[in-house]
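The chain contents come next:
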Amino acid sequence: MNNEQIFEKVNGVFRTIFKDDTILVTRETTAKDIAGWDSITHLDIITGMEEAFQVEITGFEVMNLNNVGDLLDLLAQKMSE
């Protein structure tokens, strides 16, 4: 899976979680940019990514995510392992 495919899948997870087909995240997107992105939704996003990509994301890894770009990089790394 290339970076573009990962990015599209990540956007799909966000659209599903927020029930909004117009959401388009960028590498710079943070919780401040999306209405309703709170701590509970954050857990839903991580769980959604784990299910969509069939990976496990640790609590330590989550703590080091500052934006969607960090999440994309983490997913790309996990997909290459």
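Above this text you will find the structure in question.
Residues numbered from 1 in each chain as written. Predicted model: local features only at pLDDT ≥ 70, side-chain atom pairs only at ≥ 80, totals over all residues. Heavy atoms only, no water.

1. With respect to the overall build of the protein
Move 1: Across its full length, the protein carries four helices and zero strands.
Move 2: The linear arrangement of helices and strands in the protein, starting from the amino end, is α-α-α-α.
Move 3: Computed over C-alpha atoms, the radius of gyration of the protein comes to 12 Å, within 12% of the 12 Å expected from 2.2 N^0.38 for 81 residues, which places it in the range of a compact globule.
Move 4: Expressed along its principal axes, the backbone C-alpha trace of the protein runs to roughly 35 × 25 × 20 Å.
Move 5: Evaluated residue by residue, the protein yields a buried proportion of 35% over its 81 residues.
Move 6: Of the roughly 5,200 Å² of accessible surface on the protein, 51% is carried by carbon and sulfur atoms.
Move 7: Averaging the coordinates of the 6 positive side-chain charges in the protein and doing the same for the 15 negative ones gives two points 2 Å apart. (Helix = DSSP H or I, 4+ residues; strand = E, 2+ residues; numbered from the N terminus. Rg over C-alpha atoms; globule rule 2.2 N^0.38 Å. Buried < 20%, exposed > 50% of the residue type's maximum accessible area, 1.4 Å probe, protein only. Areas by Shrake-Rupley, 256 points an atom, 1.4 Å probe, with all protein chains shown as cover. Lys, Arg positive; Asp, Glu negative; His and termini not counted. Charge placed at Lys NZ, Arg CZ, Asp CG, Glu CD.)

2. What to know about the packing of helix α1 (residues 3-18) against helix α4 (residues 68-80)
Move 1: Two numbers describe how α1 lies on α4: the axes approach to 10 Å, and their chain directions differ by 120 degrees. Regarding the angle of α1 to α4, the classification is oblique. α4 is crossed by α1, and the crossing has right-handed handedness. Contacts between α1 and α4 involve Asn 3, Ile 6, Phe 7, Val 10 and Phe 14 from the former and Val 68, Leu 71, Leu 72, Leu 75, Ala 76 and Met 79 from the latter.
Move 2: Grouping the amino acids of the contact of α1 with α4 by side-chain chemistry returns 10 nonpolar, one polar and no charged. (Axes fitted to C-alpha atoms, helices over the stretch in contact; angles between N-to-C directions. Parallel < 35°, antiparallel > 145°, perpendicular 65-115°, else oblique. Left-handed = near helix turned anticlockwise from the far one by under 90°. Contact = heavy atoms within 4.5 Å. Nonpolar A, V, L, I, M, F, W, Y, C, P; charged D, E, K, R; others polar.)

3. Re the nonpolar core
Move 1: Within the largest apolar cluster, 21 residues are counted, with the highest numbers of intra-cluster contacts made by Val 10, Phe 14, Met 49, Ile 57 and Leu 75.
Move 2: Residue assignment for this core shows that the elements contributing at least two residues are α1, α2 (39-53) and α4.
Move 3: For Ile 57, the contacting residues outside a window of four places in its chain are Ile 46, Met 49, Glu 50, Val 62, Leu 71, Leu 74, Leu 75 and Lys 78. (Core = buried A, V, L, I, M, F, W, Y, C linked by side-chain atoms within 4.5 Å.)

4. Points about the side chain of Lys 78
Move 1: Along the chain, Lys 78 turns up in helix α4.
Move 2: For Lys 78, the contacting residues outside a window of four places in its chain are Val 55, Glu 56, Ile 57 and Glu 61.

5. Regarding α4
Move 1: With 13 residues, α4 should cover 18 Å at 1.5 Å per step; its first-to-last C-alpha distance of 18 Å lies within 8% of that length.
Move 2: Against the buried residues of α4 lie α1, α2 and α3 (59-63).
Move 3: Its side-chain oxygen placed 3.0 Å from the backbone nitrogen of Gly 69, Asn 67 serves as the N-cap of α4. (Expected span 1.5 Å × (residues − 1). Polar contact = N/O pair within 3.5 Å; in protein donor to acceptor, adjacent residues only side chain to side chain.)

6. Observations regarding the pattern of salt bridges
Move 1: Counting across every chain of the model gives two salt bridges.
Move 2: In this structure, Lys 78 engages Glu 61 in a salt bridge whose closest nitrogen and oxygen atoms are separated by 3.1 Å. Here Lys 78, found in helix α4, pairs with Glu 61, found in helix α3; they are 17 residues apart in sequence, far enough to count as distant. Glu 61 shares its class with Lys 78; the two are buried. (Salt bridge = Lys/Arg side-chain N within 4 Å of Asp/Glu carboxyl O.)

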